[in-house]
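A structural walkthrough
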Amino acid sequence: MAASSSAYLIPRNHQQSIPSELTSPKSMRFLRRPVTTIRCAASSHSLIDLPSRSSSFYPPSLVDNLATTKPTLPQRVQSQPSSPHWNFFQRAAAAALDVIEEGISNILERPHPLPKTADPAVQIAGNFAPVGEQPPHHDLPVTGRIPPFINGVCVRNGANPLHEPVAGHHFFDGDGMIHSVQIRAGAASYACRFTETERFRQERAIGRPLFPKAIGELHGHSGIARLALFYARGAFGLLDASRGIGVANAGLVYFNDRLLAMSEDDLPYQIRVTADGDLETVERYNFNGQLTSAMIAHPKLDPATGELFALSYDVIQKPYLKYFWFSPDGVKSPDVDIPLDQPTMMHDFAITENFVIVPDQQVVFKLQEMISGGSPVVYDKTKTARFGILPKYATDSAEMKWVDVPDCFCFHLWNAWEEPATGEVVVIGSCMTPADSIFNESDESLESVLSEIRLDPKTGKSTRRPILAQSEQINLEAGMVNRNWLGRKSRFAYLAIAEPWPKVSGFAKIDLSTGNVTKFIYGDNCYGGEPYFVPMEGSRRGEDDGYILSYMHNEATLESELVIVNAADMRLEASVKLPSRVPYGFHGTFISSKDLESQA
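Residues numbered from 1 in each chain as written. Predicted model: local features only at pLDDT ≥ 70, side-chain atom pairs only at ≥ 80, totals over all residues. Heavy atoms only, no water.

Our working rule: UniProt positions are given in the numbering used here, feature names are shortened, and annotations may be inferred rather than shown by experiment.
You'll find the chain entered in an unreviewed UniProt entry as 9-cis-epoxycarotenoid dioxygenase, with Fritillaria thunbergii given as the organism. Under the Subcellular location (unreviewed entry) heading, UniProt states for the chain: "Plastid, Chloroplast". What UniProt states about the chain under its Sequence similarities (unreviewed entry) heading is, verbatim, "Belongs to the carotenoid oxygenase family."

This is the structure we're talking about:
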């Protein structure tokens with residue numbers, strides 16, 4: 001989910017702490033409504049995970065609580081790091097810093113219990129636990145018939161830690177891993193590989209985690225100590241942060257003949273889909289030297305122009321926010337510095353035909369909070385949330401018009417468009433409360449309300465309304481609209497049903513004009529993630545002429561599948577049985593075979 005984004009992840013041995021609201025009849029009411037439901041394919045076989053080509057961390061205790069029938073887990077591959085070419089002084093410094101790290105762990109961390117949002121036993125339990133890499137598996141079992149026009153690759157990103165956490169760990173902190181199902185003429189193959197970021201390569205070579213985990217570890221005094229330790233290792237040349245510190249585990253976009261894996265703490269990484277369906281990391285991609293700052297995980301690809309629009313934010317120094325865009329052939333515009341008073345969480349934004357819509361919301365970064373023992377990610381209740389409306393080809397932030405939207409936090413925005421009759425800009429997003437519950441433990445149950453936000457640049461005022469009726473409210477997080485309607489007025493959105501939170505029990509097709517909801521529920525013990533809408537290219541039959549693809553996992557049989565659902569009637573067309581467990585993850589995309597023909 002994250003980049004669908006989990007507040008905290010609860011294994012069975014923590015279920016006594018689940019808020020009663022999550023299991024109340026009200027929160028589960030959608031299960032009693034008439035819905036299209038599938039049942040996961042039954043199997044008498046344990047799931048097979050083949051050995052990884054890289055050393056990985058597979059915590060059996062975290063997987064055991066999935067079901068009474070245990071999966072056949074990959075044999076844990078012992079770490080075999082290549083010996084770093086360190087001189088005598090570097091080896092001595094490394095040993096001394098390891099002793100200091102042990103002191104940080106024993107004195108500052110172990111005496112204090114971890115919050116659920118940083119506890120590895122919670123965050124990577126069950127089907128959130130990591131898996132090993134898989135080479136391509138061909139001719140997978142298919143139930144039903146895959147629509148003949150679907151030819152290409154369905155790829156999904158996610159967090160999959162290579163090494164066992166040594167301290168706090170948030171689900172977002174894991175190394176990036178891409179899962180891929182390639183479909184050709186009704187046949188399917190599967191592979192999954194780590195994105196070999198610079199961080200990943202250095203930690204794999206050394207055989208242990210050395211880079212700080214931005215959310216799970218950087219809390220309070222121990223976080224400050226681990227930051228100091230990180231900089232000390234860099235000063236002695238034991239690691240090189242100048243080559244990138246990101247995990248590339250959140251978003252995926254196919255642009256300028258390249259599949260790019262992204263997280264907002266680094267440059268994107270180019271991934272190549274090979275002819276036999278495997279995945280290869282090509283490079284940390286800087287658009288031929290044009291991009292020198294991090295890029296957020298949700299850039300927007302304009303379906304009419306082929307241009308890519310993006311933001312970059314910084315939590316240390318001004319400018320805290322920058323905007324830029326790329327021509328279809330990858331030529332970058334100059335940066336537009338957007339002045340902000342403080343660094344702000346900027347995970348997503350939106351585009352219309354003529355504008356970019358920039359949220360400046362109440363979740364901010366205050367590194368000084370660590371000095372008093374707190375988290376640097378803070379919900380600032382004194383701040384008024386606002387949305388900026390900036391012309392797409394602006395050269396100066398003076399062209400930005402800000403509109404206040406009080407008490408609004410949208411981790412994701414699904415679409416936006418202009419209303420010529422009123423001059424308003426309409427934004428569709430899921431409004432979360434509490435706003436920081438993804439990062440900080442909260443006693444309040446999380447709600448994610450699909451909302452229509454209207455921005456009036458003339459008056460500077462806004463209105464906001466829930467799209468679903470109060471009796472129909474469900475948590476909707478992670479999804480998309482028909483990509484051919486991005487930035488234009490769309491009728492439908494396809495979103496994950498994030499209930500019981502943080503799991504995804506199905507997905508919904510929402511009529512944004514009427515609030516009508518059609519649900520597809522995976523079935524007993526089955527959960528999934530973000531739905532991907534694949535439009536029927538060239539069709540004139542309607543916005544919903546296409547298919548929804550989604551990864552699904554059965555926690556009873558421990559098997560995973562790719563399901564293919566007709567978006568028009570929300571009925572199951574086919575499912576592909578996958579050869580290994582696919583953990584719950586974040587965002588993805590579908591790349592057609594035609595597009596892959598020109599892959600760089």
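1. A look at the confidence of the model for the chain
Our working definition: One confidence number per residue, pLDDT, is output by the predictor and ranges from 0 to 100. Contacts are residue-level and defined by heavy atoms, with any inter-residue pair within 4.5 Å sufficient.
Averaged over every residue, the pLDDT of the chain is 82; the share at 70 or more is 84%. Within the model, pLDDT remains below 50 along residues 1-56, and this stretch shows 178 contacts once partners closer than five positions in the same chain are excluded.

2. Some words on the layout of surface pockets
Over the atoms rolls a probe the size of a water molecule, and in doing so it shows where empty space is left. This is how the line gets drawn: Cavity: a set of points on a 1 Å grid over the protein atoms alone where a 1.4 Å probe fits but cannot get out. Pocket: an open set with protein on both sides within 12 Å along at least five of seven lines, its lining residues, like those of a cavity, having an atom within 4 Å of a point. Grid points are joined across faces, edges and corners, and a volume is the space filled by probe spheres set on the points. Per the convention used, a helix needs a DSSP run of H or I reaching at least four residues, while a strand needs a run of E reaching at least two, with both numbered from the N terminus. Lys, Arg, Asp and Glu make up the charged group, whereas Ala, Val, Leu, Ile, Met, Phe, Trp, Tyr, Cys and Pro make up the nonpolar group; the residues left over, Gly among them, are polar.
Taken as a whole, the second largest pocket spans an internal volume of roughly 1,200 Å³. As for the second largest pocket, its lining consists of 43 residues, and the residues nearest its centre are Val-253, Leu-301, Met-480, Arg-483 and Thr-589. Contributing elements (two or more residues each) for the lining of the second largest pocket: strand 7 (251-255), strand 11 (300-301), strand 21 (410-419), strand 25 (476-480), strand 30 (532-535), strand 34 (588-592) and helix 6 (593-596). Tallied by class, the residues present in the lining of the second largest pocket amount to 22 nonpolar, 12 polar and 9 charged.

3. Quick look at empty space enclosed by the protein
When its volume is computed, the second largest cavity comes out at roughly 90 Å³. Glu-101, Val-166, Pro-209, Leu-210, Phe-211, Pro-212, Lys-213, Glu-217, Arg-226, Leu-229, Phe-230 and Arg-233 together form the lining of the second largest cavity. It is helix 5 (residues 220-235) that contributes the most residues to the lining of the second largest cavity, 4 residues altogether. Within the lining of the second largest cavity, the residues separate by chemical class into 7 nonpolar, no polar and 5 charged.

4. Overview of the UniProt feature "binding site: Fe cation" (unreviewed entry) in the chain
The positions UniProt marks with the feature "binding site: Fe cation" (unreviewed entry) are His-298, His-347, His-412 and His-587. Across 290 residues, the annotated set stays spatially compact, with a maximum C-alpha separation of 12.6 Å. Narrowing the list just given to those that line the second largest pocket leaves His-298, His-412 and His-587. One can find His-412 in strand 21.

5. Describing the environment of Asn-566
Just so we agree on the cut-off: Remark: exposure states derive from per-residue accessible area (1.4 Å probe, protein chains only) relative to the maximum for the residue type, with buried under 20%, exposed over 50%, and partly exposed in between. Polar contacts, as counted here, are pairs of nitrogen or oxygen atoms within 3.5 Å of one another; within protein the pair requires one atom able to donate a hydrogen and one able to accept it, and residues that are adjacent in sequence qualify only if both atoms are side-chain atoms.
By the secondary structure assignment, Asn-566 is in strand 32 (residues 559-566). Taking relative accessible area as the criterion, Asn-566 reaches 14% and is therefore assigned buried. On a C-alpha basis, the gap between Asn-566 and Ile-548 in space is 6.4 Å, while along the polypeptide they are 18 residues apart. Not counting residues up to four positions away in its chain, the partners in contact with Asn-566 are Gly-546, Tyr-547, Arg-571 and Glu-573. In this structure the side chain of Asn-566 is engaged in a polar contact, spanning 2.9 Å, whose partner is the backbone nitrogen of Ala-568.

6. Re the sheet that holds strand 13 (residues 321-326)
The test is simple: Following DSSP output, two strands are said to pair if at least two bridges run between them.
Strands sit in the order 11-12-13-14 across an open sheet of 4 strands; the sheet is antiparallel. Both edges of this open sheet fall to strand 11 and strand 14 (336-338), since each of them pairs with a single strand only. Bridge count between strand 11 and strand 12 (residues 308-313): 2 bridges; the pairing is antiparallel. Paired with Lys-300 across the bridge in strand 12 is Phe-309.

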